[in-house]
Amino acid sequence: MTDEPLLRVSALSKFYGSRVGCENVTFDLWPGEVLAVVGESGSGKTTLLNCLSTRLLPSSGTASYRVRDGQWRELYRMSEAERRFLMRTDWGFVHQNPADGLRMTVSAGANVGERLMAVGDRHYGKIRATAVDWLSRVEIDEDRIDDEPRAFSGGMRQRLQIARNLVTGPRLVFMDEPTGGLDVSVQARLLDLLRGLVTDLGLAAIVVTHDLAVARLLSQRMMVMKDGRVVESGLTDRVLDDPRAPYTQLLVSSILQV
Amino acid sequence: MATPLVVSDVEKSFTMHLRDGVTLPVVAGVSFSIRAGECAVLGGPSGAGKSSILKMLYGNYAVDEGQIIVQHENGLIDLASASPRTVLAVRRRTIGYVSQFLRTVPRVSALDVVAEPLVERGEDREAARAKARSLLAQLNLPEKLWALPPATFSGGEQQRVNIARGFITEHPILLLDEPTASLDAKNRDVVVELIAAKKAAGVALLGIFHDLDVRDAVADRVIDVTAFAAGKVAA
Ligand SMILES: Nc1ncnc2c1ncn2[C@@H]1O[C@H](COP(=O)(O)OP(=O)(O)OP(=O)(O)O)[C@@H](O)[C@H]1O
Ligand SMILES: Nc1ncnc2c1ncn2[C@@H]1O[C@H](COP(=O)(O)OP(=O)(O)OP(=O)(O)O)[C@@H](O)[C@H]1O
Ligand SMILES: [Mg+2]
Ligand SMILES: [Mg+2]
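Residues numbered from 1 in each chain as written. Chains lettered and ligands numbered in written order. Predicted model: local features only at pLDDT ≥ 70, side-chain atom pairs only at ≥ 80, totals over all residues. Heavy atoms only, no water.

S.K.: I would appreciate a short explanation of the overall build of chain A in the present structure.
M.R.: A tally of helices and strands in chain A yields 10 helices and 10 strands. Projected onto the principal axes, the alpha-carbon positions of chain A cover approximately 55 × 45 × 40 Å. Expressed as a percentage of the 258 residues in chain A, the buried residues total 55%. Long-range pairs, those at least 24 residues apart, make up 67% of the contacts in chain A with a sequence separation of at least 6. Surface exposure of chain A reaches about 11,300 Å², of which carbon and sulfur atoms provide 48%. (Helix = DSSP H or I, 4+ residues; strand = E, 2+ residues; numbered from the N terminus. Buried < 20%, exposed > 50% of the residue type's maximum accessible area, 1.4 Å probe, protein only. Contact = heavy atoms within 4.5 Å. Areas by Shrake-Rupley, 256 points an atom, 1.4 Å probe, with all protein chains shown as cover.)

What follows is the structure, encoded as structure tokens:
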């Protein structure tokens, strides 16, 4: 285990004109650590996630990432090409709506294989074998490999999106409501799968969710956001069992039990 | 004699923002220490703050004031002010905790629930499962249940899984919150034996036991929590 964080975020803010997206967010993320970001609708969770994954540029603040060779790179000073390279190789991004993260008109196998080709894999047989392996890891039968995701259920699409993201062995995965929009029973299965993969692969992840049970199950640390700001952060079980901020108390009390 | 846990002047209150910000003082001036190889028991009536103290020692409740000094990896750490990452490391290596109820994780078998803390500490999965089997057998959990997730188990069965999970590692400090509450007499005796073995191995134990027979069998001394009643100190 290394004794350096993977990501350092300092005073990050994003304004949309005069409207606050997120404001003054500071935290470190360590290798293998899962951080949950919770808060009500409009509190800035997606804005923060998009800034961190460089899909959006912040108005102010910094974020540095420790790349594989151990160097620290400032995310917002990298060239567009460098950023795209990071996103393709070292990061994953799981969207709430699988259609945003998949190519709906190419086969499931190609959705997974494409990412491998993007990191330089050229051997067709190997790519296909890896794709089959990953489909089975996310519990999709091999005989569905040539189907397009259009023909998949919501839960299957989400599992395919996860396979597409993890196949390149990323070190950091961003997830925006990965279980949102799914039936409760499908959610539970997906959550088990995610939990297993995150633990087995030792992934670091930032998971945006409005579901405190998801946060409890997946994350070790948690940040609670309101009106663009972090109102409370700490160990997930501490925040949920001994919430200190008025807003966190409201959030925790408004659900039955987590 | 080594003293791996020293608590000084710890204070805890809850501020209920949803109830007009009323503050509920729970404990203040909590000071004690636990030596290696002894089992101390927190005593006092319901609501005195026994569980709250245990939860602060595990980093599950925040600490308002005071220090919780823990011997961790050849150094000393103040758990009251430690970062989440440090608290997690302390839980992995130094402090074990048996809660009153098992928090179940869907689809994970009882055997793996028990083995998990060892795997987290880097032990081989099969070796960890072997230890888990022997503990579950010792606690008389029927073998046909081992491969099933504990969510559907009875209260006593779940609690035995929870106890096995807490006792499987060699944490130098072990916290126990009424581990025997939902057990029958035979299994209570097993827990008493397990605690005796931990003491012999030099573990520092701090527990809460409502059952007087169990308490008498394991306690080297009782720490009276009413002495730390928050109102008393404030007055
Ligand atoms: N492109 C945009 N232009 C203007 N305002 C925006 C834009 N995107 C987000 N906002 C505003 O920024 C604030 C934060 O939005 P964000 O999408 O980050 O919230 P969220 O916490 O992800 O909410 P939800 O749980 O509903 O997804 C909101 O007030 C939102 O209206
Ligand atoms: N998370 C919490 N939020 C608010 N109040 C709490 C919380 N946890 C405990 N309390 C309050 O703190 C006081 C002490 O509770 P605690 O559970 O520590 O008592 P105890 O001595 O373990 O009691 P018992 O013997 O009944 O288990 C009680 O008044 C309880 O309601
Ligand atoms: Mg959002
Ligand atoms: Mg209690």
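So that's the structure; there's more coming.
S.K.: Can you help me understand the packing of aromatic side chains in this one?
M.R.: Two aromatic rings are characterised by how far apart their centres lie and by the angle between their planes. In the structure shown here, the tally under the stated rule is five aromatic pairs over all chains. Pairing Tyr58(B) with Tyr97(B) gives two aromatic rings, centres 4.7 Å apart and planes at 25°, and the pair type is stacked. Remark: Tyr97(B) occurs in strand β6 (residues 95-98) and Tyr58(B) occurs in the loop between α1 (50-57) and β4 (65-72); sequence separation between them is 39 residues. For the pair Tyr58(B) and Tyr97(B), a shared accessibility class is recorded, and that class is buried. Across from the ring centre of Trp72(A), 5.7 Å away, lies the NZ or CZ of Arg8(A), which sits over that ring. Positioned over the ring face of Phe93(A) is Arg55(A), at 4.3 Å from the centre of the ring. (Phe/Tyr/Trp six-rings, centres within 6.5 Å; stacked < 30°, edge-to-face > 60°. Lys NZ or Arg CZ within 6 Å of the ring centre and 35° of its normal.)

S.K.: Please clarify how unusual backbone geometry should be interpreted in this entry.
M.R.: Glycine aside, negative phi is the norm for most residues, and most peptide bonds take the trans geometry. Residue and element names in this part refer to chain B. Located in the positive-phi region is Asn74, a residue other than glycine, with phi close to 65°. Residue placement: Asn74 occurs in the loop between β4 and β5 (75-78). According to the relative accessible area criterion, Asn74 is exposed, its value standing at 87%. Positioned with a positive phi, Asn140 is a non-glycine residue whose angle comes to about 60°. For Asn140, the location among the structural elements is in the loop between α4 (125-138) and α5 (155-167). When its relative accessible area of 32% is taken as the criterion, Asn140 is described as partly exposed.

S.K.: Would you mind going over the site of ligand 2 with me for this structure?
M.R.: Around ligand 2, 15 residues are found, and the nearest of them are Ser46(B), Lys50(B), Ser51(B), Ser52(B) and Tyr61(B). Taken together, the residues near ligand 2 originate from chains A and B. Separating an oxygen atom of ligand 2 from a backbone N or O atom of Ala48(B) is a distance of 3.3 Å. Gly49(B) has a polar backbone atom sitting 3.0 Å from an oxygen atom of ligand 2. Relative to its free-state accessible area of 640 Å², ligand 2 is covered by the protein chains to the extent of 68%. Those elements that place two or more of their residues in the shell around ligand 2 are β2 (22-34) and α1 of chain B. The dominant element in the shell around ligand 2, judged by the number of residues it contributes, is α1(B), at three residues. Looking at the shell around ligand 2 residue by residue, the class counts come to six nonpolar, six polar and three charged. (Near = heavy atom within 4 Å. Polar contact = N/O pair within 3.5 Å; in protein donor to acceptor, adjacent residues only side chain to side chain. Nonpolar A, V, L, I, M, F, W, Y, C, P; charged D, E, K, R; others polar.)

S.K.: I'm lost on the pairing of strand β7 (residues 173-177) of chain B in this one. Help?
M.R.: Sheet faces and side chains relate simply in a regular strand, where the side chains alternate between the two faces. Residues and elements named next belong to chain B. The buried fraction of β7 amounts to five of the five residues, a majority that puts the element mostly inside the structure. Because side chains alternate across β7, one face comprises the buried residues Ile173, Leu175 and Asp177, and the other comprises Leu174 and Leu176, equally buried. Here β6 pairs with β7 via four bridges, running parallel. Bridge pairing links Gly96 to Leu174 in β7. Pairing analysis gives five bridges linking β7 to strand β8 (residues 204-208), with the strands arranged parallel. In the sheet register, Leu174 faces β8, and the bridge partner there is Leu205. With respect to chirality, the unit in which β7 leads through helix α6 (residues 185-200) into the neighbouring parallel β8 is right-handed. (Pairing = 2+ DSSP bridges. Right-handed = clockwise from strand over helix to strand, strands pointing away.)

S.K.: Is there a simple way to explain the pattern of salt bridges in this structure?
M.R.: Pairs can form between side chains of opposite charge once their charged atoms are near each other. Taken as a whole and judged by the stated rule, the model has 34 salt bridges over all chains. Residue Glu148(A) pairs with Arg150(A) through a salt bridge whose shortest N-O separation is 2.5 Å. Salt-bridge contacts for Glu232(A) lead to Arg238(A); the nearest nitrogen and oxygen are separated by 2.8 Å. No difference in accessibility class separates Glu232(A) from Arg238(A), as the two residues are buried. In this structure, a network of salt bridges that share partners links the residues Asp242(A), Arg244(A), Lys12(B) and Asp64(B). (Salt bridge = Lys/Arg side-chain N within 4 Å of Asp/Glu carboxyl O.)

S.K.: Is there a simple way to think about the interface of chain A and chain B in this case?
M.R.: How big an interface is tends to be stated in terms of the accessible area lost upon association of its parts. With 24 residues of chain A in contact, the opposing surface of chain B contributes 23 residues. Note on chain A versus chain B: buried area summed over both sides is about 2,000 Å², and carbon and sulfur give 50% of it. For Asp192(A), the salt bridge goes to Arg107(B), with nearest N and O atoms at 2.8 Å. In this structure, the connection of chain A to chain B is made through 11 residue pairs in polar contact (both at pLDDT 80 or more). Elements supplying a minimum of two residues to the side of chain A that touches chain B: α7 (184-201), α8 (212-218), β10 (229-235), α9 (236-241) and α10 (246-253) of chain A. Considered class by class, the residues forming the side of chain A that touches chain B number seven nonpolar, five polar and 12 charged. (Buried area = accessible area lost by both parts, 1.4 Å probe.)

S.K.: Just checking my understanding: could you explain the sheet that holds β5(B) for this structure?
M.R.: Adjacent strands of a sheet form backbone hydrogen bonds with each other and so pair up, either parallel or antiparallel. Residue and element names in this part refer to chain B. Here we have four strands laid out as an open sheet, ordered β2-β1-β4-β5, and antiparallel in their pairing. A single partner strand is all that each edge strand has here, and the edge strands are β2 and β5. Neighbouring strand axes in the sheet, compared pairwise and without regard to direction, differ in orientation by 25° on average. Bridge count between β4 and β5: four bridges; the pairing is antiparallel. Looking at the pairing, Val70 lines up with Ile77 of β5. Relative to the sheet, helix α2 (residues 84-93) contacts β4 and β5, its axis offset from that of β4 by approximately 45°. (Axes fitted to C-alpha atoms, helices over the stretch in contact; angles between N-to-C directions.)

S.K.: Can you help me understand the site of ligand 1 in this one?
M.R.: All names here are of chain A. Neighbouring residues of ligand 1: Tyr16, Arg19, Val20, Gly21, Glu40, Ser41, Gly42, Ser43, Gly44, Lys45, Thr46 and Thr47. Note that a nitrogen atom of ligand 1 is positioned 3.4 Å from one of the side-chain N or O atoms of Tyr16. Contacts to ligand 1 include Arg19, whose side-chain N or O atom sits 3.2 Å from an oxygen atom. Against a free-state accessible area of 640 Å², the protein chains account for coverage of 60% of ligand 1. Where the shell around ligand 1 is concerned, the elements lending two or more residues are β2 (19-29) and α1 (45-52).

S.K.: What is the right way to read the side chain of Arg164(A) from this model?
M.R.: Considering the arrangement of structural elements, one finds Arg164(A) in helix α6 (residues 154-166). Residue contacts for Arg164(A): discarding those within four places in its chain leaves Gly101(A), Leu102(A), Arg103(A), Asn111(A), Val112(A), Glu114(A) and Arg115(A).

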